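Residues per chain, in single letters:
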Amino acid sequence: MGAPKPTLGYPTRTDAVIALRKLNMTDVQIAEQLGIHPNTVSALIHSHKRKRQADELQRTVRVDIDAIEQLRPAAEARGIQPNELIRRLVATIADEGLTDAILDDHQEENTA
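Residues numbered from 1 in each chain as written. Predicted model: local features only at pLDDT ≥ 70, side-chain atom pairs only at ≥ 80, totals over all residues. Heavy atoms only, no water.

Remarks on the overall build of the chain
Turning to step 1, where the next piece is worked out: Each helix and strand counted, the chain has six helices and zero strands in total.
Turning to step 2, where the next piece is worked out: Each helix and strand of the chain, ordered N terminal to C terminal, gives the series α-α-α-α-α-α.
Turning to step 3, where the next piece is worked out: Per-residue burial over the chain gives 19% buried out of 112 residues.
Turning to step 4, where the next piece is worked out: Counting only contacts in the chain whose residues sit at least 6 apart along the sequence, the fraction spanning at least 24 positions is 30%.
Turning to step 5, where the next piece is worked out: A total accessible area of about 8,900 Å² is found for the chain, and carbon and sulfur atoms account for 50% of it. (Helix = DSSP H or I, 4+ residues; strand = E, 2+ residues; numbered from the N terminus. Buried < 20%, exposed > 50% of the residue type's maximum accessible area, 1.4 Å probe, protein only. Contact = heavy atoms within 4.5 Å. Areas by Shrake-Rupley, 256 points an atom, 1.4 Å probe, with all protein chains shown as cover.)

Set out below in C-alpha coordinates:
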(Lines give C-alpha, C1' and ligand atoms only; values in the text may rest on other atoms or scores of the structure.)
Protein backbone atom coordinates (compact mmCIF):
# COMPACT_ATOMS: atom_id res chain seq x y z
CA MET A 1 0.00 0.00 0.00
CA GLY A 2 1.39 3.39 -0.98
CA ALA A 3 1.63 6.60 0.97
CA PRO A 4 -1.58 8.56 1.64
CA LYS A 5 -2.55 10.82 -1.27
CA PRO A 6 -4.03 14.11 -0.01
CA THR A 7 -7.08 14.90 -2.18
CA LEU A 8 -9.42 17.90 -2.26
CA GLY A 9 -8.11 19.06 1.10
CA TYR A 10 -8.62 15.64 2.74
CA PRO A 11 -5.64 13.68 4.08
CA THR A 12 -6.36 10.69 1.80
CA ARG A 13 -8.29 9.79 -1.33
CA THR A 14 -10.44 7.51 0.80
CA ASP A 15 -11.40 10.41 3.06
CA ALA A 16 -12.30 12.48 -0.02
CA VAL A 17 -14.37 9.62 -1.49
CA ILE A 18 -16.25 9.09 1.78
CA ALA A 19 -16.96 12.83 2.09
CA LEU A 20 -18.28 13.03 -1.47
CA ARG A 21 -20.38 9.88 -0.97
CA LYS A 22 -21.98 11.59 2.05
CA LEU A 23 -23.04 14.31 -0.41
CA ASN A 24 -24.96 11.57 -2.28
CA MET A 25 -22.60 11.59 -5.26
CA THR A 26 -22.42 8.43 -7.37
CA ASP A 27 -19.20 6.48 -7.94
CA VAL A 28 -19.03 7.91 -11.47
CA GLN A 29 -19.46 11.49 -10.23
CA ILE A 30 -16.84 10.99 -7.54
CA ALA A 31 -14.45 9.41 -10.04
CA GLU A 32 -14.85 12.37 -12.40
CA GLN A 33 -14.29 14.81 -9.54
CA LEU A 34 -11.11 13.04 -8.39
CA GLY A 35 -9.79 11.98 -11.79
CA ILE A 36 -9.82 8.27 -10.95
CA HIS A 37 -11.67 5.23 -12.29
CA PRO A 38 -15.12 4.43 -10.82
CA ASN A 39 -13.82 0.98 -9.84
CA THR A 40 -11.19 2.71 -7.71
CA VAL A 41 -13.94 4.67 -5.97
CA SER A 42 -15.80 1.44 -5.23
CA ALA A 43 -12.63 -0.25 -3.98
CA LEU A 44 -11.82 2.65 -1.66
CA ILE A 45 -15.35 2.57 -0.22
CA HIS A 46 -15.23 -1.20 0.36
CA SER A 47 -11.78 -0.96 1.90
CA HIS A 48 -12.99 1.78 4.24
CA LYS A 49 -15.96 -0.36 5.31
CA ARG A 50 -13.73 -3.35 5.99
CA LYS A 51 -11.31 -1.30 8.08
CA ARG A 52 -14.13 0.33 10.03
CA GLN A 53 -15.78 -2.98 10.80
CA ALA A 54 -12.59 -4.95 11.35
CA ASP A 55 -12.44 -4.56 15.11
CA GLU A 56 -16.14 -5.29 15.53
CA LEU A 57 -16.43 -8.29 13.25
CA GLN A 58 -13.21 -10.26 13.48
CA ARG A 59 -12.94 -13.96 14.22
CA THR A 60 -9.81 -16.05 14.52
CA VAL A 61 -8.99 -18.36 11.62
CA ARG A 62 -6.03 -20.72 11.67
CA VAL A 63 -3.82 -20.68 8.59
CA ASP A 64 -1.06 -23.19 7.96
CA ILE A 65 2.35 -21.60 8.56
CA ASP A 66 3.57 -22.84 5.16
CA ALA A 67 0.78 -20.93 3.42
CA ILE A 68 1.63 -17.81 5.42
CA GLU A 69 5.28 -18.08 4.41
CA GLN A 70 4.35 -18.60 0.75
CA LEU A 71 2.36 -15.36 0.87
CA ARG A 72 5.12 -13.39 2.61
CA PRO A 73 6.75 -12.05 -0.62
CA ALA A 74 3.40 -10.76 -1.91
CA ALA A 75 2.69 -9.14 1.46
CA GLU A 76 6.14 -7.54 1.64
CA ALA A 77 5.72 -6.19 -1.90
CA ARG A 78 2.63 -4.37 -0.59
CA GLY A 79 4.31 -3.18 2.60
CA ILE A 80 2.05 -5.26 4.85
CA GLN A 81 2.30 -8.37 7.00
CA PRO A 82 1.15 -11.76 5.64
CA ASN A 83 -1.79 -11.86 8.06
CA GLU A 84 -3.09 -8.55 6.67
CA LEU A 85 -2.71 -9.87 3.12
CA ILE A 86 -4.69 -12.98 4.07
CA ARG A 87 -7.45 -10.82 5.60
CA ARG A 88 -7.62 -8.72 2.42
CA LEU A 89 -7.66 -11.79 0.18
CA VAL A 90 -10.47 -13.46 2.11
CA ALA A 91 -12.51 -10.22 2.25
CA THR A 92 -12.10 -9.68 -1.50
CA ILE A 93 -13.04 -13.29 -2.28
CA ALA A 94 -16.17 -12.93 -0.16
CA ASP A 95 -17.11 -9.45 -1.39
CA GLU A 96 -16.67 -10.31 -5.05
CA GLY A 97 -18.18 -13.82 -4.89
CA LEU A 98 -14.97 -15.43 -6.16
CA THR A 99 -14.97 -18.65 -4.14
CA ASP A 100 -16.18 -20.91 -6.96
CA ALA A 101 -13.92 -19.23 -9.52
CA ILE A 102 -10.87 -19.74 -7.31
CA LEU A 103 -11.59 -23.27 -6.12
CA ASP A 104 -13.11 -24.45 -9.41
CA ASP A 105 -14.72 -27.35 -7.58
CA HIS A 106 -18.31 -27.05 -8.80
CA GLN A 107 -20.24 -30.18 -8.17
CA GLU A 108 -22.43 -31.37 -11.01
CA GLU A 109 -26.09 -31.05 -10.11
CA ASN A 110 -27.72 -34.42 -9.71
CA THR A 111 -30.46 -34.47 -12.34
CA ALA A 112 -31.34 -38.15 -11.95
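Here we look at the nonpolar core
One recurring pattern in soluble globular proteins: nonpolar side chains tend to sit buried together.
Turning to step 1, where the next piece is worked out: Counting twelve residues, the largest nonpolar core consists of Ala16, Val17, Ile18, Leu20, Met25, Ile30, Ala31, Leu34, Ile36, Val41, Leu44 and Ile45.
Turning to step 2, where the next piece is worked out: Setting aside residues no more than four positions away along its own chain, isoleucine 36 makes contact with Arg13, Ala31, Val41 and Leu44. (Core = buried A, V, L, I, M, F, W, Y, C linked by side-chain atoms within 4.5 Å.)

With respect to the environment of isoleucine 18
Turning to step 1, where the next piece is worked out: In this structure, isoleucine 18 sits in helix α1 (residues 13–22).
Turning to step 2, where the next piece is worked out: For isoleucine 18, a relative accessible area of 16% translates into the label buried.
Turning to step 3, where the next piece is worked out: Note: C-alpha distance between isoleucine 18 and valine 41 (23 residues apart in sequence) is 9.2 Å.
Turning to step 4, where the next piece is worked out: Residue contacts for isoleucine 18: discarding those within four places in its chain leaves Ile45 and His48.

A closer look at a nonpolar patch on the surface
Turning to step 1, where the next piece is worked out: Nonpolar side chains collect at one region of the surface, where Leu98, Ile102 and Leu103 lie side by side and expose about 270 Å² of accessible area between them.
Turning to step 2, where the next piece is worked out: Along the polypeptide, leucine 98 turns up in the loop between α5 (82–96) and α6 (99–103). (Patch = residues over 30% accessible without salt bridge, like charges linked within 9 Å, V, L, I, M, F, W, Y side chains within 5 Å. Salt bridge = Lys/Arg side-chain N within 4 Å of Asp/Glu carboxyl O.)

A word on the packing of helix α4 (residues 65–77) against α5
Turning to step 1, where the next piece is worked out: Two elements in contact, α4 and α5, have axes whose closest approach is 8 Å; the angle formed by their N-to-C orientations is 90°. Classified by the angle their axes make, α4 and α5 are roughly perpendicular. Mapping the contact onto sequence places Ile68, Leu71, Arg72, Ala74 and Ala75 in α4 and Pro82, Asn83, Leu85, Ile86 and Leu89 in α5.
Turning to step 2, where the next piece is worked out: When its residues are assigned to classes, the contact of α4 with α5 shows eight nonpolar, one polar and one charged. (Axes fitted to C-alpha atoms, helices over the stretch in contact; angles between N-to-C directions. Parallel < 35°, antiparallel > 145°, perpendicular 65-115°, else oblique. Nonpolar A, V, L, I, M, F, W, Y, C, P; charged D, E, K, R; others polar.)

Details of the side chain of threonine 7
Turning to step 1, where the next piece is worked out: Note on placement: threonine 7 falls in the segment before α1.
Turning to step 2, where the next piece is worked out: When neighbours within four sequence positions are excluded, threonine 7 is seen to be in contact with Thr12, Arg13, Ala16 and Leu34.

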